[in-house]
Amino acid sequence: MPIFYQTTVKPLAVDYDAEQIRKIFLACDRDGNQVLSKDEIRHAFEKLGALIPGHRARRGLKHADANNDGCISMEELNELVRYAAGLGYRIK
């Protein structure tokens, strides 16, 4: 008599692509002023699944804030997206 085992299959986790990450950052622009504050960036990293989103927000600002105004403008957003994409966040 054959014995059948029930197995559970976990869905494969897939990396976010740059466009998905960009949409998450833009969705976190709560006041709609086309500028991302540190708090808005922290919220985006939370949504991406960062373990320490405050740290990632500080590092992202340091990496992408070309004019050192403490915010990310739409001109600087590409660099922030490139930074976040390099961290390998996965869709769960």
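Scope of this entry: the structure provided in the associated data block.

Basis of the calculations
- Residues numbered from 1 in each chain as written.
- Predicted model: local features only at pLDDT ≥ 70, side-chain atom pairs only at ≥ 80, totals over all residues.
- Heavy atoms only, no water.
- Core = buried A, V, L, I, M, F, W, Y, C linked by side-chain atoms within 4.5 Å.
- Buried < 20%, exposed > 50% of the residue type's maximum accessible area, 1.4 Å probe, protein only.
- Helix = DSSP H or I, 4+ residues; strand = E, 2+ residues; numbered from the N terminus.
- Contact = heavy atoms within 4.5 Å.
- Lys, Arg positive; Asp, Glu negative; His and termini not counted.
- Salt bridge = Lys/Arg side-chain N within 4 Å of Asp/Glu carboxyl O.
- Polar contact = N/O pair within 3.5 Å; in protein donor to acceptor, adjacent residues only side chain to side chain.

## Considerations on the nonpolar core
Then, in step 1: In this structure, Phe25, Ile41, Phe45, Leu48, Ile72 and Leu80 are the most contacted members of the largest nonpolar core, which totals 21 residues.
Then, in step 2: Among the elements of the structure, α1 (18-27), α2 (38-48), α3 (53-64) and α4 (77-85) are those that each provide at least two residues to this core.
Then, in step 3: The leading source of residues in this core is α4, at five residues.
Then, in step 4: Ile72 has contacts with Gln34, Val35, Leu36, Ile41, Leu61, Ala64, Asp65, Leu77 and Leu80, leaving out every residue within four places of it along the chain.

## Details of the environment of His63
Then, in step 1: Within the secondary structure, His63 is located in helix α3.
Then, in step 2: Of the residues examined, His63 reaches a relative accessible area of 44% and is grouped as partly exposed.
Then, in step 3: With 20 residues separating them along the chain, His63 and Tyr83 place their C-alpha atoms 7.3 Å apart.
Then, in step 4: If we ignore the near neighbours within four places in the chain, the residues touching His63 are Glu79 and Tyr83.

## Some thoughts on the side chain of Glu40
Then, in step 1: Mapped onto the elements of the fold, Glu40 is located in helix α2.
Then, in step 2: Although buried, Glu40 forms no salt bridge, and the nearest oppositely charged side chain, Arg30, lies 6.0 Å from it.
Then, in step 3: Reaching out from Glu40, the side chain makes a polar contact with the backbone nitrogen of Arg30 at a distance of 3.0 Å.
Then, in step 4: If we skip the residues at most four places from it in the chain, Glu40 touches Cys28, Asp29, Arg30, Asp31 and Val35.

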